[in-house]
Amino acid sequence: MTLAVARMPAVSRGGNNIRLLDTDTIRKDFPLLSRKVRGKPLTYLDNAATSQKPQAVINKITEFYQQYNANVHRAIYAIGEQATLEYESAREKVARFINAWDTNSVVFTKGTTESINLVAYSWGRHNLGPGDEILITEMEHHSNIIPWQLAARATGATLRYIPIRQNGTLTLDDPGEYFTDKTKLVALIHQSNVFGTINPVREIARLAKDVNALVLVDAAQSVPHSPVDVRALGCDFLAFSGHKMLGPSGVGVLCARPELLAAMEPFMGGGEMINSVTMEESTWNEPPWKFEAGTPNIAQAIGLGAAIDYLETISIDAIEEHERALTQYALDTLSAIPEVTIYGSEVNRGGLVSFNVENVHPHDLAQILDQKGIAIRAGHHCAQPIMQKLDVPATARASFYLYNTPAEIDVLCDGIMESINFLT
Amino acid sequence: MSYDSFKGDLRDLYQELILDHNQNPHNFREIEGANHKSEGFNPLCGDRMTAYINIDADVIEDISFLGTGCAISKASASIMTTILKGKTVKEAREIFKKFHRMVTTGDADIQDLGKLAALAGVHKFPARVKCATLAWHTVKNSLDGISVVATTE
């Protein structure tokens, strides 16, 4: 693996000496980034949807299949033991990366969506009832809305929403209105996948604790881009996905307080999650395996471990700083185009920008940019309630990661100008 | 199929006629008291469309639409209204079949389809087929007497 720790000074803004990562070196680690698309160099700006993979992750997955592909926790032979060791070592890396309560508080799932559904079923179905309230926000991804709509319907609980302002920030002026004795769970997105807003999770967790409610954090957009300490956040459940943080698709994490995992009912039944089984009844394995029924996503979990190794080599703090600089550059350059409307707050935002271009539908924009090798997202971003709030059918979104450069943002802005000329 | 072999050119998709209809859509209005009205929704992009139709003795006397959409869906709706006005319901169904074949396979009898042929390039952009057909699905629901929101899914 190429070491990409060298960092070079970049633009200096407002007296702050912002430093960018050494992207020339980093980009060599990502084979896909060197391919051409439609005859042009690929400008990949859809990292909030999924991230590209470094060679080290691809190699690790190949190594598993070539050298120790076996099932975990059951094989009495060398390669099975090696597979188990690597799989559990990936769990340790995840636990360390987010400062989990302990290694066994990390459950491997197939992604953020499954992690949230796991809580909605295993905790929600057994702890919610009529009169209880689930509190979420108006800026949630569908994956943190639908599981609670289903849980509310199944248990008779009520689903409530903390409203947002037009600029994509939460209104918390009157917390007593939303955080009450009826509130049993507060579930919210850490960093908005539409606005980029970084929500005040610690403050919300304190409000939740005051009324004895549990807190679930959808960290799909925060864990890949900034240092996240699950215990410092004050939450009870944290969910995120491997594929958005340089890992493979098909693996995600639910990190939960050990005493909650111990008390919760299983999510799915099958092999691995049991202790003893008779024809009449069964007892459950200890957490986290109680929640990992069937053969787990072994290669994917091991790949996620390699992704964390890579992120730590670069430093997650440096990645956060790099993205902050890129985002500021994007906000500055995009806002210089008169036809562009940018959504979201100017402060407390992560590495993405949602916007619209006057008289250019986001789908047409994405199509025209694609011809220039630029990949952005156009659509409702699995957050239709936000689109209703903004009164737009869709937005365009550019989202950044450690390998993106200011030059790529220039390419995006040129593409937007050309799209305007082409369509209007 | 390697995506490198994908040769769709932007001008195949955005022909002049389409850009014109996008900027100045025809029949972009409500028909007050229309005897058929239906709504369409593309869940992929959030586009919504309402179609208004007056059918008299099985003939489409007037047809219009309102809504938000990309250039492809707006131009497709606009051209559709100009083509369907004056046609019988049976003729409209036949045209939709041919149009659908054209935008999904590229197979088209240009003479039959007239200005709709400007949308033939859509078949090279599979992700945009739903944009081109939203208005048609919406109108078909009206013709079928279905009052639910048409979706492209």
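So, how was this worked out
Residues numbered from 1 in each chain as written. Chains lettered and ligands numbered in written order. Predicted model: local features only at pLDDT ≥ 70, side-chain atom pairs only at ≥ 80, totals over all residues. Helix = DSSP H or I, 4+ residues; strand = E, 2+ residues; numbered from the N terminus. Rg over C-alpha atoms; globule rule 2.2 N^0.38 Å. Buried ≥ 20, exposed ≤ 12 C-beta atoms within 10 Å, placed from the backbone. Contact = placed C-beta atoms within 7 Å. Nonpolar A, V, L, I, M, F, W, Y, C, P; charged D, E, K, R; others polar. Domains from an automatic or database assignment. Pairing = 2+ DSSP bridges. Axes fitted to C-alpha atoms, helices over the stretch in contact; angles between N-to-C directions. Core = buried A, V, L, I, M, F, W, Y, C linked by C-beta atoms within 7 Å. Expected span 1.5 Å × (residues − 1). Bend = angle between axes of the 7 residues up to and from the residue.

### With respect to the overall build of chain A
Part 1: Of regular secondary structure, chain A possesses 14 helices and 19 strands.
Part 2: Relative to the globule expectation of 22 Å for 424 residues, the C-alpha radius of gyration of chain A, 22 Å, shows essentially globular dimensions.
Part 3: Its C-alpha atoms give chain A principal-axis dimensions of about 70 × 55 × 40 Å.
Part 4: Relative to its 424 residues, chain A shows a buried fraction of 51%.

### Observations concerning the interface of chain B and chain A
Interface extent is often summarised as the accessible area lost during association of the parts.
Part 1: With 13 residues of chain B in contact, the opposing surface of chain A contributes 13 residues.
Part 2: Those elements that place two or more of their residues in the side of chain B that touches chain A are helix H1 (10–13) and strand S2 (47–56) of chain B.
Part 3: Counted by class, the side of chain B that touches chain A contains 8 nonpolar, 3 polar and 2 charged residues.

### Digging into the domain arrangement of chain A
Residue and element names in this part refer to chain A.
Part 1: The domain architecture assigned to chain A consists of domain 1 (7–34 + 315–423) and domain 2 (58–312).
Part 2: Each side of the interface is counted separately: domain 1 has 22 residues, and domain 2 has 22 residues.
Part 3: If you list the elements that add at least two residues to the side of domain 1 that touches domain 2, you get helix H11 (316–335), strand S16 (352–357) and helix H13 (384–390).
Part 4: Sort the elements by how many residues they give to the side of domain 1 that touches domain 2 and H11 lands first, with 5 residues.
Part 5: Of the residues in the side of domain 1 that touches domain 2, the class split is 10 nonpolar, 7 polar and 5 charged.

### Focus: the sheet that holds strand S12 (residues 252–256) of chain A
Each strand in a sheet pairs with another by means of backbone hydrogen bonds, the pair being arranged parallel or else antiparallel.
Residue and element names in this part refer to chain A.
Part 1: Spatially, the 7 strands line up as an open sheet ordered S6-S12-S11-S10-S9-S7-S8, and their pairing is mixed. Unpaired on one side and paired on the other, strand S6 (106–109) and strand S8 (158–162) mark the two borders of the sheet. Taken pair by pair, the neighbouring strands of this sheet meet at an average axis angle of 20 degrees, ignoring direction.
Part 2: Each of strand S9 (183–189) and strand S10 (214–218) is contacted by helix H7 (residues 201–210), which is oriented at about 175 degrees to S9, the strand it contacts most.

### Structural notes on the nonpolar core
Residues and elements named next belong to chain A.
Part 1: Leu-216, Val-217, Cys-235 and Leu-238 are the most contacted members of the largest nonpolar core, which has 156 residues in total.
Part 2: With 11 residues, helix H10 (residues 298–314) is the single largest residue contributor to this core.
Part 3: Three or more residues apiece are contributed to this core by two domains, here domain 1 (7–34 + 315–423) and domain 2 (58–312).
Part 4: Other than its neighbours up to four places away in sequence, Val-217 contacts Leu-188, His-190, Val-201, Leu-233, Cys-235, Phe-237 and Leu-238.

### Digging into helix H6 (residues 129–143) of chain B
An α-helix turns once every 3.6 residues. As a result, residues three or four positions apart point the same way.
Residue and element names in this part refer to chain B.
Part 1: Over its 15 residues, H6 extends 21 Å from the first C-alpha to the last, a length consistent with the 21 Å expected when each residue adds 1.5 Å.
Part 2: A bend of about 30 degrees at Ala-135 is the largest found in H6.
Part 3: Counted residue by residue, H6 has 12 buried out of 15 residues, so it is predominantly covered.
Part 4: Listing the buried residues of H6 in full gives Lys-130, Cys-131, Ala-132, Thr-133, Leu-134, Ala-135, Trp-136, His-137, Thr-138, Val-139, Asn-141 and Ser-142.
Part 5: Looking one or two residues past H6, Gly-145 carries a phi angle of roughly 75 degrees, positive in sign.

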